[in-house]
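Summary of the model geometry
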Amino acid sequence: MLALFTVITLITAAASLISLDRYLIGQIDDQLRQSVSRYGSGPIPGQLGSDRGPGDDRRGPGDEGIVVIVQDGVPFTRVRDDLSDDQVTALINGASKDPSTIRLGDNAGHYRVLSSARGTTTIVLALPIGRQSMAVSNALLTAALTTLAGLLVVGVGGGWLVKRNLRPLVRV
């Protein structure tokens, strides 16, 4: 009985965690696609190499997102993104037309990146996946704790049931 409960619980927990992870990554990918399409549908705002101002906030991936614009082979970032040359290179090299996950370093964490080319200009957008990872980690912890609690209840309940059903044999 314990083995069956354990197997069913582990399969259910694994399926739930995989589904949650895919759903949350899908949301991040949708945000990236929307931001890229906004950049790709009109002129690139502001002066390259400078903070593009409030117009960029409405068009880009938001405060947590990173924008790199490569024009004629020269990368430009927003001042507020505060990226090292290695991070800019990692973003450019890791980006493709399909969203992918890259690591920007120990302190920066993991990001989903997407790029779009228009003429000699390539737009690279990235969103952090830290919140998504934290949500999946919390769900994993919850699944583990509820599995242990369930095992305890099934074990104690099963032991009590067996003991109660064996009482008539003890009297004989």
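Residues numbered from 1 in each chain as written. Predicted model: local features only at pLDDT ≥ 70, side-chain atom pairs only at ≥ 80, totals over all residues. Heavy atoms only, no water.

What to know about the overall build of the chain
The helix and strand tally for the chain stands at four helices and five strands. Listed by position from the N terminus, the elements making up the chain come as α-α-β-β-α-β-β-β-α. Residues classed as buried in the chain amount to 33% of the 172 residues present. Long-range pairs, those at least 24 residues apart, make up 50% of the contacts in the chain between residues at least 6 apart in sequence. For the chain, the exposed surface amounts to about 10,700 Å²; the carbon and sulfur share of it is 60%. (Helix = DSSP H or I, 4+ residues; strand = E, 2+ residues; numbered from the N terminus. Buried < 20%, exposed > 50% of the residue type's maximum accessible area, 1.4 Å probe, protein only. Contact = heavy atoms within 4.5 Å. Areas by Shrake-Rupley, 256 points an atom, 1.4 Å probe, with all protein chains shown as cover.)

Here's the deal with unusual backbone geometry
A positive phi angle, close to 55°, is found at Asp 72, a residue other than glycine. Secondary-structure assignment places Asp 72 in the loop between strand S1 (66-71) and strand S2 (74-77). Owing to a relative accessible area of 56%, Asp 72 belongs among the exposed residues under this scheme.

Considerations on the pattern of salt bridges
In this structure the tally under the stated criterion is three salt bridges. When the shortest N-O distance is used, the salt bridge between Arg 33 and Asp 30 registers 3.4 Å. In this pair, Arg 33 and Asp 30 are both assigned in helix H1 (residues 2-40), three residues apart and thus about one turn of the helix distant. Look at Arg 33 and you get partly exposed, because its relative accessible area is 42%. (Salt bridge = Lys/Arg side-chain N within 4 Å of Asp/Glu carboxyl O.)

Overview of the sheet that holds strand S4 (residues 110-118)
Read across the open sheet, the five strands follow the order S2-S1-S5-S4-S3; overall the sheet is antiparallel. The two strands at the open ends of the sheet, each matched to only one other strand, are S2 and strand S3 (100-103). Going across the sheet, the axis of each strand differs from the next one's by a mean of 30°, ignoring polarity. Where S3 and S4 come together, four bridges link them in antiparallel fashion. Within the sheet, the bridge partner assigned to Ser 100 lies in S4 and is Val 113. In this fold helix H3 (residues 85-94) packs onto S1, S2, S3, S4 and strand S5 (121-128), with an angle of close to 75° to the strand it touches most, S1. (Pairing = 2+ DSSP bridges. Axes fitted to C-alpha atoms, helices over the stretch in contact; angles between N-to-C directions.)

Some points on the confidence of the model for the chain
When the pLDDT values of the chain are averaged, the result is 83; 86% of them are 70 or greater. Here helix H2 (residues 54-59) stands out as the least confident element of the chain, with mean pLDDT 43; S3 is the most confident, with 92. Confidence over residues 45-58 falls short of pLDDT 50; this stretch has 23 contacts with residues more than four positions distant or in other chains. (pLDDT = per-residue confidence, 0-100.)

Looking at the nonpolar core
Within the largest apolar cluster, 13 residues are counted, with the highest numbers of intra-cluster contacts made by Ile 66, Val 68, Leu 91 and Val 113. For this core, the secondary structure elements donating two or more residues are S1, H3, S4 and S5. Once residues within four sequence positions are removed from consideration, Val 113 is found in contact with Leu 32, Leu 91, Gly 94, Ala 95, Asp 98, Pro 99, Ser 100, Ile 102, Leu 125 and Ala 126. Counting residues in each nonpolar core, the second largest holds 12 residues, with Val 36, Val 67, Ile 69 and Leu 127 among its members. (Core = buried A, V, L, I, M, F, W, Y, C linked by side-chain atoms within 4.5 Å.)

Describing the side chain of Arg 112
Mapped onto the elements of the fold, Arg 112 is located in strand S4. At 2.8 Å, the side chain of Arg 112 and the side chain of Thr 101 are in polar contact. Residues within four places of Arg 112 in sequence aside, it is in contact with Ile 25, Ile 28, Asp 29, Leu 32, Pro 99, Ser 100, Thr 101, Leu 125, Ala 126, Leu 127 and Ile 129. (Polar contact = N/O pair within 3.5 Å; in protein donor to acceptor, adjacent residues only side chain to side chain.)

Quick look at the pairing of S4
Walk down a regular strand and you will see the side chains alternate between the two sheet faces. Here S3 folds back onto S4, and the loop between the two strands holds six residues, one of which, Gly 105, carries a positive phi near 125°. Here eight bridges tie S4 to S5, and the two strands are oriented antiparallel to one another. Across the sheet, the residue bridging to Val 113 is Ala 126, located in S5. Here S4 folds back onto S5, and the loop between the two strands holds two residues, one of which, Gly 119, carries a positive phi near 65°.

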